[in-house]
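Letter by letter, the chains look like this.
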Amino acid sequence: MTSRPLSRQPQRFPTINPFWLVLFALLNACDLLTTYLDLQVGMREGNPLMHHLLTNYGFGALIFYKLLMVVVVSLGIAALSRGYPTLSKITLTLCNGLVLLVVISNFVQYQL
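Conventions we followed
Residues numbered from 1 in each chain as written. Predicted model: local features only at pLDDT ≥ 70, side-chain atom pairs only at ≥ 80, totals over all residues. Heavy atoms only, no water. Helix = DSSP H or I, 4+ residues; strand = E, 2+ residues; numbered from the N terminus. Expected span 1.5 Å × (residues − 1). Buried < 20%, exposed > 50% of the residue type's maximum accessible area, 1.4 Å probe, protein only. Contact = heavy atoms within 4.5 Å. Core = buried A, V, L, I, M, F, W, Y, C linked by side-chain atoms within 4.5 Å. Axes fitted to C-alpha atoms, helices over the stretch in contact; angles between N-to-C directions. Parallel < 35°, antiparallel > 145°, perpendicular 65-115°, else oblique. Left-handed = near helix turned anticlockwise from the far one by under 90°. Nonpolar A, V, L, I, M, F, W, Y, C, P; charged D, E, K, R; others polar.

## Here we look at helix H3 (residues 59–83)
With 25 residues, H3 ought to run about 36 Å at 1.5 Å a step, and its terminal C-alpha atoms sit 37 Å apart, in line with that. Buried residues of H3: Ala-61, Leu-62, Lys-66, Val-70, Ser-74, Ile-77 and Ser-81, and no others. In the core, the buried residues of H3 are packed alongside helix H1 (18–40), helix H2 (48–57) and helix H4 (85–111).

## Thoughts on the side chain of Thr-34
Considering the arrangement of structural elements, one finds Thr-34 in helix H1. Under the relative-accessibility criterion, Thr-34 is labelled buried at 10%.

## Description of the nonpolar core
Of all hydrophobic cores here, the largest spans 8 residues; its members are Ile-16, Phe-24, Leu-27, Val-70, Ile-77, Leu-92, Val-99 and Val-103. For this core, the secondary structure elements donating two or more residues are H1, H3 and H4. Per-element tally for this core: the top contributor is H4, with 3 residues. Once residues within four sequence positions are removed from consideration, Ile-16 is found in contact with Leu-21, Ile-77, Ser-81, Ser-88, Lys-89 and Leu-92. In terms of nonpolar packing, the next biggest core, distinct from the first, is built from 6 residues, Met-50, Leu-54, Ala-61 and Leu-62 among them.

## Comments concerning the packing of H1 against H3
Where H1 meets H3, the closest approach of the two axes is 10 Å, and the angle between their N-to-C directions is 160 degrees. With respect to their mutual orientation, H1 and H3 come out roughly antiparallel. For the crossing formed where H1 meets H3, the hand is right-handed. Along the contact surface, H1 presents Leu-21, Phe-24, Ala-25, Asn-28, Asp-31, Leu-32, Thr-35, Tyr-36 and Leu-39, while H3 presents Phe-59, Leu-62, Ile-63, Lys-66, Met-69, Val-70, Val-73, Ser-74 and Ile-77. For the contact of H1 with H3, the per-class residue count stands at 13 nonpolar, 3 polar and 2 charged.

If you want it as structure tokens, here you go:
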């Protein structure tokens, strides 16, 4: 019985389409913008963590937090995509959907 040598092919890591990560960043930027507009007309931040940051450290803290979250989630999605590509796509889709709902909610409240 003969055996064939195992072929050594470079391992390919699945990647997330960068469009969806950029969309996640843009949606978070829209959240910041709509939050800023809502605050300018006298509305109050509804998220307790964001309210605490805003009250104690100013709007810059919200910007820093959002940037940090975009980086952490993007790195987490990239790491998840290596072993669980389908789960990473589902997770990113859910993240984008949730942030989109927040943006829509902020926009609707601003219009009222």
